[in-house]
Protein chains: 2
Amino acid sequence: MNIGDVAKHAGLPAKTIRYYEDIGLIEPNRSANGYRDFSDNDLHKLRFLGHARSLGFSIEDCRGLLALYEDKDRASADVKHIAEEHLAKIDAKIAELQAMRHTLAHLVKACAGDDRPDCPILADLATARSDTS
Amino acid sequence: MNIGDVAKHAGLPAKTIRYYEDIGLIEPNRSANGYRDFSDNDLHKLRFLGHARSLGFSIEDCRGLLALYEDKDRASADVKHIAEEHLAKIDAKIAELQAMRHTLAHLVKACAGDDRPDCPILADLATARSDTS
DNA sequence: CCTTGACCTTCCCGTGACTGGAAGCCCTAT
DNA sequence: ATAGGGCTTCCAGTCACGGGAAGGTCAAGG
């Protein structure tokens, strides 16, 4: 299977697949003409990677997950550990964004949004230290 | 004022301040010895930038906001527009993260996390189509 | 046989917003 | 005179790719 076909089936850009080879996530064979020749197993791995990335796992997390996926003697605790750490990061990020959202929504609501120069948003940015509750 | 002092007062690393000069957000004077010499106005701008960045505005947004801040003939509508667009991006990001969180939390809960290899997280990544509701 | 066009290859640069580090100048205190 | 701290510039790295150039390969059509 050439890269174009595998890209379609995995739902990933060819560029991304080459990149994944570069960083050692997959190791496709090569045909006589130098083209990459992907096996079914390569395709499975790429799909796996696509799904993991779409859940926000970092490439390094994906590397670990892939290794566990291929290790039939793994402990599910190791997988769960990676997922829990990632979940914690997601929660932290959500909290951070919601704090921003909170402040920003207040400011937007307070701003007249007309052709006059007075603007509570700029006023806040110019003075704010934190709590805009 | 040297960069170290202004960094303390603005709450930004010196590196960041040099970077902001590089990209044209500020233009501090230079002392005879080649050191940057920051005015009170420079400090105000840096604080403004720090606050805007902490609300998640991009550098380009900050550039626009700073220009409006300095333009006494601005229309508050222009400021509000930038803020609303940013707010929409934040909301989109939050929604994306919450979708990830939703799926991931389910998977984590379903995983035994013991020393056995069976793992619904890996099973999901290996097959997942999307909706893990 | 030749050409066309769609593939494929590698390589290098750019992204955003910095951060780290090297090499070297400046200033003050001892 | 030397030690230290702070300042300068410049280069490289981060993360996960994406864009695009230069060139090789393959199948189909004239």
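Let me begin by describing the structure that accompanies this report. Computed from a prediction, not measured in an experiment: that's the story for all the values here.

In a regular helix each residue adds 1.5 Å, so 12 residues correspond to 16 Å; helix H4 (residues 59–70) of chain A covers 16 Å between its end C-alpha atoms and thus fits that length. All of the buried residues along H4 of chain A are Ile59, Cys62, Leu65, Leu66 and Leu68 of chain A. Of the surrounding elements, those touching the buried residues of H4 of chain A are helix H2 (14–22), helix H3 (40–54) and helix H5 (76–110) of chain A together with helix H6 (120–127) of chain B.

When two helices pack together, their arrangement is given by the angle between the helix axes and by the axis-to-axis distance. Residues and elements named next belong to chain B. For the pair helix H1 (residues 3–10) and helix H3 (residues 40–54), the least separation of the axes is 9 Å and the interaxial angle reads 45°. Taken as axis vectors, H1 and H3 run oblique relative to one another. Between H1 and H3 lies a crossing of right-handed hand. Here H1 contributes Val6, His9 and Ala10 to the contact with H3, which in turn contributes Leu43, Leu46 and Arg47. Residues of the contact of H1 with H3, tallied by class, amount to four nonpolar, one polar and one charged.

It is common to give the size of an interface as the accessible area that goes away when the parts come together. Tallying the contact residues gives 51 residues for chain B and 51 residues for chain A. For the pairing of chain B and chain A, the buried interface totals around 4300 Å² over both sides, and the portion due to carbon and sulfur atoms is 74%. Between chain B and chain A we count two salt bridges in total. The closest approach of N and O atoms between arginine 101 of chain A and aspartate 91 of chain B, which form a salt bridge, is 2.6 Å. Across the contact surface, chain B and chain A share 16 residue pairs in polar contact (both at pLDDT 80 or more). Taken together, the elements giving at least two residues each to the side of chain B that touches chain A come down to H3, helix H4 (59–70), helix H5 (76–110) and H6 of chain B. Grouping the amino acids of the side of chain B that touches chain A by side-chain chemistry returns 29 nonpolar, nine polar and 13 charged.

We now examine the protein's contact with DNA strand D. In the region of DNA strand D, 19 residues are neighbours, and Lys15, Tyr20 and Arg53 of chain A together with Tyr35 and Arg36 of chain B sit closest. Atoms of DNA strand D within 4 Å of the protein: sugar and phosphate make up 69%, bases the balance. At 3.3 Å, a side-chain N or O of asparagine 33 of chain A approaches a phosphate oxygen of DNA strand D. With respect to DNA strand D, the backbone of isoleucine 59 of chain A contributes an N or O atom lying 3.2 Å from a phosphate oxygen. Only H2 of chain A together with H1 and helix H2 (14–22) of chain B provide two or more residues apiece to the surface near DNA strand D. A per-element tally of the surface near DNA strand D places H2 of chain A first, with four residues. Its residues assigned to classes, the surface near DNA strand D comprises seven nonpolar, six polar and six charged.

Rules used throughout
- In this numbering scheme, every chain counts its residues from 1 along its sequence in written order.
- In the order they appear in the text, chains get letters beginning with A and ligands get numbers beginning with 1.
- Thresholds applied to this predicted model are a pLDDT of at least 70 for local features of residues and 80 or more for the giving and counting of side-chain atom pairs; totals over whole chains, interfaces and linings are not thresholded and use all residues.
- Side-chain measures here rest on the full set of heavy atoms in the structure, leaving out hydrogens and waters.
- Helix and strand labels come from DSSP, where a helix needs a run of H or I of at least four residues and a strand needs a run of E of at least two; each type is numbered from the N terminus.
- To estimate the expected span of a helix, subtract one from its residue number and multiply by 1.5 Å.
- Under the scheme applied here, a residue whose accessible area is under 20% of the maximum for its type counts as buried, over 50% as exposed, and between as partly exposed, the area being computed with a 1.4 Å probe on protein chains only.
- In this description, contact between two residues means that some pair of their heavy atoms is separated by no more than 4.5 Å.
- As a rule, the C-alpha atoms of each element are fitted with a line to give its axis, helices using only the stretch in contact, and angles between N-to-C directions run from 0 to 180 degrees.
- Angles are sorted into four bins: roughly parallel if under 35 degrees, roughly antiparallel if over 145, roughly perpendicular if 65 to 115, and oblique for all others.
- Handedness of a helix crossing follows the sense of rotation of the near helix relative to the far helix, less than a right angle counterclockwise being left-handed and clockwise being right-handed.
- In the scheme used here, Gly and all other residues not listed as nonpolar or charged are polar, with Ala, Val, Leu, Ile, Met, Phe, Trp, Tyr, Cys and Pro taken as nonpolar and Asp, Glu, Lys and Arg as charged.
- A quick way to say it: buried area is the sum, across both parts, of accessible area lost when two parts are put together, with a 1.4 Å probe.
- For salt bridges, the criterion is a side-chain nitrogen of Lys or Arg within 4 Å of an Asp or Glu carboxyl oxygen.
- N or O atoms closer than or at 3.5 Å make up a polar contact, with two conditions inside protein: a donor-capable atom paired with an acceptor-capable one, and, for residues adjacent in sequence, both atoms drawn from side chains.
- For this description, a residue counts as near a given molecule or strand if any of its non-hydrogen atoms is within 4 Å of it.

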